[in-house]
Structure formats: structure tokens, C-alpha cells
Amino acid sequence: MENDYFEPSELIINEDGSCFHLHIKPHQLADKVILVGDPGRVETVASHFHARESEVTSREFHTITGYFNDKRITVVSTGIGCDNIDIVMNELDSLANIDYNTRRPKPEHRTLTVVRIGTCGGLQPFTPVGTFIASVKSIGFDGLLNYYAGRNDVCDLDMEKAFTKHMRWNPVKGAPYIAIADADLVEKIAGTDMVRGYTVACGGFYGPQGRKLRAPISDPDQNTKIEAFEYEGMKICNFEMESSAVAGMASLLGHRAMTCCMVIANRYAKEMNTEYKNSIDTLIEKVLQRI
């Protein structure tokens, strides 16, 4: 790894010295990183900062680095989906661990602490609208981690077998993977006021999450089976669309990561709260205090 040279076609650096998609420079990245999906939520997080260093906007990627009390924090919006997390996690890691002048790995690894704050759909009676959920493990329906060597080393393979057997998984969908959040970080962020459980990270909002509008879905019983799955005394608590890639890519790259979400819809009870944007600020405050 020490002798690797990253060609311009692989590590794309903009003319101003910033990474290709995020458009931020190495000195603008803090060790503590908060990821949010909605670009508008970056300002919500940063409104709690006592000072700001930098702000960059590029496409759906909005980044602000500043200070909350004495903690230097970078907040980045990712947009929706695990495909965008692939971009964000790789580029954040490149900023931290590749010398942009020599295009070679830095001699010492820099570990980032990454917490995704998002919204989700609850899947259990004990996860009503407004519940905060910390994802202990995330089941990726997106297939992202399957493109990386070492995916077996950072996934729970026994749980994958149990899940695919329980679901009677159709291989045409691609193999699900189960990424593990950093246990110490979960303990620190979840505290005593978040529900801990498994999360399904879906490759879409409608069919992959069992929503049927005009296009029929391939497995009408999918959600019922997901709700019933239990492994080592824990159930699948929620649907969202990024947590598996956050935890999986962080593990592959040597970083600490976890996801916590607020339930804005309970699929089990068929409830929905569209006026959630003010109440998620409580979750943001908790993460800022604990990260």
C-alpha cells in the first residue's frame, strides 16, 4: 500500500486542489464528521456551531466545517442512496489519507469518526413516529459492498445466511450484505434514549421498501418477513437508504461510523409525519453533544 500511486483517472483532483465531487480540500476536513442526506439539513446542523471555518456547495454535496463548543466538526450532505455514500466515503478518506501532492498514501492512517443523522421508516410496534433508532447492523439491499475486496471481513456472514434463508431470498436481486457499526461509537451516541436494532438499507424508496403504487412488486410479503426476522435477540427496526454503505465503507477504510435516525413513518402502523423537520433538531443536538 505504501508504494501505491493513484493515477489522475482514479484519484480525480480539481484544479483548486479539492476532491472531485465534494469540492473540499484536505485542510477543510475535521476528524469528526456528520453526514445528512438533505443539503438543507447541513445548515440546520451548522446553526448549532459557535464558529464556522469553511463552506462549500457542489451539486447535492453541501459541506460546512466549524466548531461546536471545542469540537471541530465537518457536516456533509450526501443526497439520497448508497451510491452517493460510495462517493462521499471514498472522497473523505482520500482527503484524510492520501497526499494530494504526491498522490500516494500518507505514512500514518488518520481515522475519521462518522455519524449519519437521518430519517427512516419504523418497522416494529415499539418504533412509533418520533423514535430515535441507532443502527447496530445494517442489511444492505443495494449491493455496494459486494464490489469491494474484503467485504467478507467486515460483514456478519452468519447473519447474512440466516437472513437470506428467512427471506427465501431471490438471487436475481443480488446478495444482501450486513455491515457492522462501530460498537464503541454506537454506545457513545445511542446512550440510553435511542432504540438499538438492525436496519435495512434499501436501494430505492418505493419497490425496494415494499411500497406498491402503479408498478407491482416482486415480493408482496417482503415487509412481513422483514418485521418477523430476529437474530441474537434483536429485530429489524427500520428502513432507510444509506446506513449499510456508511458502516461498510468505514470498516473497509479503517474509520469509525454509525447511523442514527428518527422515525417519520411507521410502516407497521401505517402512520406518517410530514412535519418532522423541526423535531429532528433534537436528534441533531444529541449527536453534537455526544460525538
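Parameters and conventions
Residues numbered from 1 in each chain as written. Predicted model: local features only at pLDDT ≥ 70, side-chain atom pairs only at ≥ 80, totals over all residues. Heavy atoms only, no water. Core = buried A, V, L, I, M, F, W, Y, C linked by side-chain atoms within 4.5 Å. Buried < 20%, exposed > 50% of the residue type's maximum accessible area, 1.4 Å probe, protein only. Helix = DSSP H or I, 4+ residues; strand = E, 2+ residues; numbered from the N terminus. Contact = heavy atoms within 4.5 Å. Pairing = 2+ DSSP bridges. Arc of directions from axis to C-beta. Polar contact = N/O pair within 3.5 Å; in protein donor to acceptor, adjacent residues only side chain to side chain. Patch = residues over 30% accessible without salt bridge, like charges linked within 9 Å, V, L, I, M, F, W, Y side chains within 5 Å. Areas by Shrake-Rupley, 256 points an atom, 1.4 Å probe, with all protein chains shown as cover. Salt bridge = Lys/Arg side-chain N within 4 Å of Asp/Glu carboxyl O. Axes fitted to C-alpha atoms, helices over the stretch in contact; angles between N-to-C directions. Parallel < 35°, antiparallel > 145°, perpendicular 65-115°, else oblique. Left-handed = near helix turned anticlockwise from the far one by under 90°. Nonpolar A, V, L, I, M, F, W, Y, C, P; charged D, E, K, R; others polar.

Q: Hey, could you run me through the nonpolar core in this one?
A: In summary, soluble globular proteins display a tendency toward joint burial of nonpolar side chains. Judged by nonpolar contacts, the single largest core of 35 residues is most densely connected at Leu22, Leu35, Leu92, Val114 and Tyr177. Mapped onto this core, the elements with two or more residues apiece are strand S1 (32-36), helix H2 (82-97), strand S9 (177-180) and helix H6 (243-253). Sort the elements by how many residues they give to this core and H2 lands first, with 7 residues. When residues no more than four places from it in sequence are discounted, the contact partners of valine 114 are Val33, Leu35, Met89, Leu185, Val246, Arg256, Ala257 and Met258.

Q: Where do I start with the pairing of strand S7 (residues 113-122) in this structure?
A: Among the 10 residues of S7, 9 are classified as buried, and the element is accordingly described as predominantly covered. As judged from the 4 bridges shared by S1 and S7, these two strands associate in the parallel manner. Bridge pairing in S7 places isoleucine 34 opposite valine 115. Relative to strand S13 (residues 256-266), S7 runs parallel, the two being bridged by 10 bridges. The partner of arginine 116 across the bridge, within S13, is threonine 259.

Q: Sorry, what's going on with H6 here?
A: Side chains of residues three or four places apart in an α-helix project in the same direction, reflecting 3.6 residues per turn. Most of H6 is tucked away, with 8 of its 11 residues classed as buried. Downstream of H6 by a residue or two, glycine 254 has a phi angle that is positive, lying close to 80°.

Q: It is not clear to me how helix H3 (residues 157-167) should be interpreted in this structure. Could you clarify?
A: Taken residue by residue, H3 has Met159, Glu160, Phe163 and Met167 as its buried positions. Viewed along the axis of H3, the buried residues span an arc of 105°, placing them on a single side of the element. For H3, the exposed residues set more than 90 degrees away from the buried face come down to Asp158, Lys161 and Lys165. The N-cap of H3, judged by a side-chain oxygen 3.3 Å from the amide nitrogen of aspartate 158 a few residues on, is aspartate 156. Arginine 168 lies just past H3 and shows a positive phi near 50°.

Q: Which parts of the structure should I look at to understand a nonpolar patch on the surface?
A: A cluster of nonpolar side chains, Phe205, Tyr206 and Leu213, forms an exposed patch at the surface whose accessible area comes to about 330 Å². Along the chain, the position of tyrosine 206 falls in the loop between strand S10 (195-201) and helix H5 (222-228). The class of tyrosine 206 is partly exposed, set by a relative accessible area of 44%.

Q: Got a minute to help me understand the packing of H2 against H6 in this structure?
A: Between two packed helices, what matters for the description is the angle formed by their axes and the separation of those axes. Put simply, H2 and H6 touch, their axes get as near as 9 Å, and they point 30° apart. On the basis of their axis angle, the class for H2 and H6 is roughly parallel. Classified by chirality, the crossing of H6 by H2 is right-handed. Mapping the contact onto sequence places Cys82, Ile85, Asp86, Met89, Asn90 and Asp93 in H2 and Ser244, Ala245, Val246, Met249, Ala250 and Leu253 in H6. Across the contact of H2 with H6, the residue classes tally to 8 nonpolar, 2 polar and 2 charged.

Q: Looking at this structure, I do not really get the pattern of salt bridges. What am I missing?
A: All chains considered together, the criterion is met by 12 salt bridges. The shortest N-O distance in the salt bridge between arginine 116 and glutamate 240 comes to 3.0 Å. Placement of arginine 116 in strand S7 and of glutamate 240 in strand S12 (residues 234-240) is noted, with a sequence separation of 124 residues between them. Glutamate 240 shares its class with arginine 116; the two are buried.

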